[in-house]
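Coordinates in review
Residue strings, one per chain:
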Amino acid sequence: MIASDNRLLPLDALRGFAVMGILLLNIVGFAMPEAAYMNPAAWGGTSTPDVATWFATFVLFDGKMRGLFSLLFGASMLLIIEKAEISGRDGRRVHIVRAAWLFLFGLAHFVLLWWGDILMVYAIVSLVALQFIGRPAISLVKWAFGAFLVHFVIVATVMVSAYASAHAASLPGATQATADGFAQMLESFGKPGSPSIASDVALYRSGFSTIFTHSLEALPGQLAMLFYFAFDTLGFMLLGMAMLKGGFLNGQWPVEQYARTARHCFLIGLPPTAALAIWVIASGYDPLVAFGVFFSWSFPFRIPLAVGYAALFMTWVLPRAEHWLILRIAAAGRVALSNYIGTSIFMTAIFYGWGGGLFGSVDRAPLYLFVAGAWIMALLWSKPWLDRFQYGPLEWLWRSLARAQLQPMRRILN
């Protein structure tokens, strides 16, 4: 199951699924105030189609596509290091240089385009993951779940502290300072109608210079927030390395085994995730409940679901390796960086004030028409480009910068 240029077709196809799937969640961040990510009542409509859309995307995709993307980043990192060492180069140094440039790509992405960048955290966390590359698969799995445990303790501690603050604010005789502090906390948790939501709408309907200035001011806070996602991301990267070493991501398992794995993972992860979504709705979209479910309580179930999606996609890819759609999805995965940042350019040009100015104007359900459009664009351009060129545009730039010389771009045709 090797592509013609010695790439792993299953891994490319999975990456294509992931980079397309992550837009199912990111679209909310492009088109609505940040609070809409955490609380469906904060923005985006409360009609039945809008609520159903939130329910489906939360249960099926929220955190799972990012987890899948992180799995694949860890596996790809391992392959690149091994390839460099086979060619006689220092694989660790190769990765460190690539990570440094990836961080700068992410920095530019955050400052110039969109606040939801994941490249900076990938670059930083991958340097930690680098210390584990020589470990056997079972050791990597243990360290991955250790990282997951640390992440869950961090986010659960935040939520327990929030519940304690809520209890203190509700006690008879609570001070005004306690009440005010709790009100500010709820606002940060995505309370509908809060001033921060109105501020977001005004900001992203404004011009480029205003958004750019805000991004520069927000950068230190963004870097500090990386702490909350570091252990989550590290766990998935290590798990991806283990899954590559164990033959899972190479397509070496029987299709029936992938199918069983997918079935078991979805049975473990979907019912409790659906129950959490129902809790949010039943609470009347209480900000504390909605944020806790988004930030903390859904996390343990994202792990089996990310693995389940990897297994499910394998059951589709392996028997259909030459299908035109699989080949186009794999091509989109080969140019994942170009598609990821290209999507940000496309979406901010539609929704931000310096472009189409639709920010905050489209309800949740209709947003997915824009997602479909972006998917079609990725499938249309990626394969024809790779038929003529060896790399995607940003992949070529990344490779040239990392090697400190321009790389050959055009594919040599026989």
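Refer to the structure above for everything that follows.
These lines cover the structure that appears in this document, whether it is placed above or below. Only a predicted model underlies this, so the values are computations on that prediction, with no experimental measurement involved.

1. Some thoughts on the packing of aromatic side chains
- All chains considered together, the criterion is met by 35 aromatic pairs.
- Relative to Tyr228, the ring of Phe227 has its centre 5.8 Å away and its plane inclined at 70 degrees; by these criteria the two rings are edge-to-face.
- Owing to a relative accessible area of 26%, Tyr228 belongs among the partly exposed residues under this scheme.
- Here Tyr352 and Phe359 contribute two aromatic rings whose centre-to-centre distance is 6.1 Å and whose plane-to-plane angle is 70 degrees, an arrangement assigned as edge-to-face.
- Residue class for Tyr352 comes out buried when judged on its relative accessible area of 1%.
- A residue is classified by how much of its surface remains accessible, and Phe359, at 1% relative accessible area, is buried.

2. Description of empty space enclosed by the protein
- Evaluation of the coordinates by the stated rule reveals 5 cavities of 30 Å³ or more.
- Considered as a void within the structure, the largest cavity measures approximately 100 Å³ in volume.
- Surrounding the largest cavity, Leu24, Leu25, Val28, Ala36, Tyr37, Trp54, Thr57, Phe58, Asp62, Phe294, Arg364 and Tyr368 form its lining.
- Those elements that provide at least two residues to the lining of the largest cavity are α2 (23-31), α3 (35-38) and α4 (48-60).
- Here the lining of the largest cavity is built from residues that sort into 9 nonpolar, 1 polar and 2 charged.
- What the second largest cavity holds in volume is close to 60 Å³.
- For the lining of the second largest cavity, the secondary structure elements donating two or more residues are α2 and α16 (336-351).
- When residues of the lining of the second largest cavity are assigned to their parent elements, the largest contribution, 4 residues, is made by α16.

Rules used in this analysis
Residues numbered from 1 in each chain as written. Predicted model: local features only at pLDDT ≥ 70, side-chain atom pairs only at ≥ 80, totals over all residues. Heavy atoms only, no water. Phe/Tyr/Trp six-rings, centres within 6.5 Å; stacked < 30°, edge-to-face > 60°. Buried < 20%, exposed > 50% of the residue type's maximum accessible area, 1.4 Å probe, protein only. 1 Å grid on protein atoms, 1.4 Å probe; cavity = no way out; pocket = protein on both sides within 12 Å on 5 of 7 lines; lining within 4 Å. Points joined across faces, edges and corners; volume = space filled by probe spheres on them. Helix = DSSP H or I, 4+ residues; strand = E, 2+ residues; numbered from the N terminus. Nonpolar A, V, L, I, M, F, W, Y, C, P; charged D, E, K, R; others polar.

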